[in-house]
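Chain by chain, the residues run as shown.
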Amino acid sequence: MTTEVQDHLPCPHCKAEFSSSTLRQHLSQIHGHDMPFQCTLCGKGFYSVSGLNHHKRKHAGQTFLCPICDTTFTQKSKVKRHLRSIHGCIPCSTCPGIFRVGQEYDLHVLCCPDTHASM
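The name given to the chain in an unreviewed UniProt entry is C2H2-type domain-containing protein, and the organism recorded there is Lymnaea stagnalis.

So, in structure tokens, the structure goes:
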């Protein structure tokens, strides 16, 4: 059984069909004027203020750098996802350290000096 049928979602504006991952991009680029938050520089539309603010960083040139391979991203969350999926690492939430997912990270969390200093 395939999931292709579930993956083709109709656009509510033009009835073209897209996978779930590309429908949002289509809506933003083609029907941005129908969305409540619109970029004044390029016309792309967004459903939320946070989506618009993330987008504006691209125009401002704000980037976030992977500390391992220097790949740049426009969102900090994309760096975290990149670290986990490409490098198998996760950053500590309280110190600047980056550790391998699993036992190395778990052991660090137990003895991270910054975690215990904030208690």
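Having seen the model, we can carry on.
1. A word on the environment of V79
Here V79 shows up in helix α4 (residues 76-87). Exposure remark for V79: the relative accessible area of 9% places this residue in the buried category. Along the chain, V79 and P67 lie twelve residues apart, while their C-alpha atoms are 8.9 Å from each other. For V79, the residues in contact, after removing those within four places along its chain, are F64, L65, C66, P67 and F73.

2. Some thoughts on helix α3 (residues 49-60)
Compared with an ideal rise of 1.5 Å per residue, which puts twelve residues at 16 Å, α3 spans 16 Å between its outermost C-alpha atoms and is within 8% of the ideal. The complete set of buried residues in α3 reads G51, L52 and H55. Seen from one end, α3 has its buried residues packed into an arc of 95°, which puts them on one side. Close packing links the buried residues of α3 with β3 (37-38) and β4 (45-46).

3. Here we look at α4
Think of an α-helix as 3.6 residues a turn; residues three or four steps apart then line up on the same face. Compared with an ideal rise of 1.5 Å per residue, which puts twelve residues at 16 Å, α4 spans 16 Å between its outermost C-alpha atoms and is within 8% of the ideal. The set of residues buried in α4 consists of V79, H82, L83 and H87. On an axial view of α4, the arc spanned by its buried residues comes to 100°, and they lie on one face. Exposed residues pointing more than 90 degrees away from the buried face of α4 are listed as R81 and S85. Check the buried side of α4 and you find it contacts β5 (64-65), β6 (72-73), β7 (89-91) and β8 (98-100). Just past α4, the residue G88 takes up positive phi, approximately 70°.

Rules of the game
- Residues numbered from 1 in each chain as written.
- Predicted model: local features only at pLDDT ≥ 70, side-chain atom pairs only at ≥ 80, totals over all residues.
- Heavy atoms only, no water.
- Helix = DSSP H or I, 4+ residues; strand = E, 2+ residues; numbered from the N terminus.
- Buried < 20%, exposed > 50% of the residue type's maximum accessible area, 1.4 Å probe, protein only.
- Contact = heavy atoms within 4.5 Å.
- Expected span 1.5 Å × (residues − 1).
- Arc of directions from axis to C-beta.

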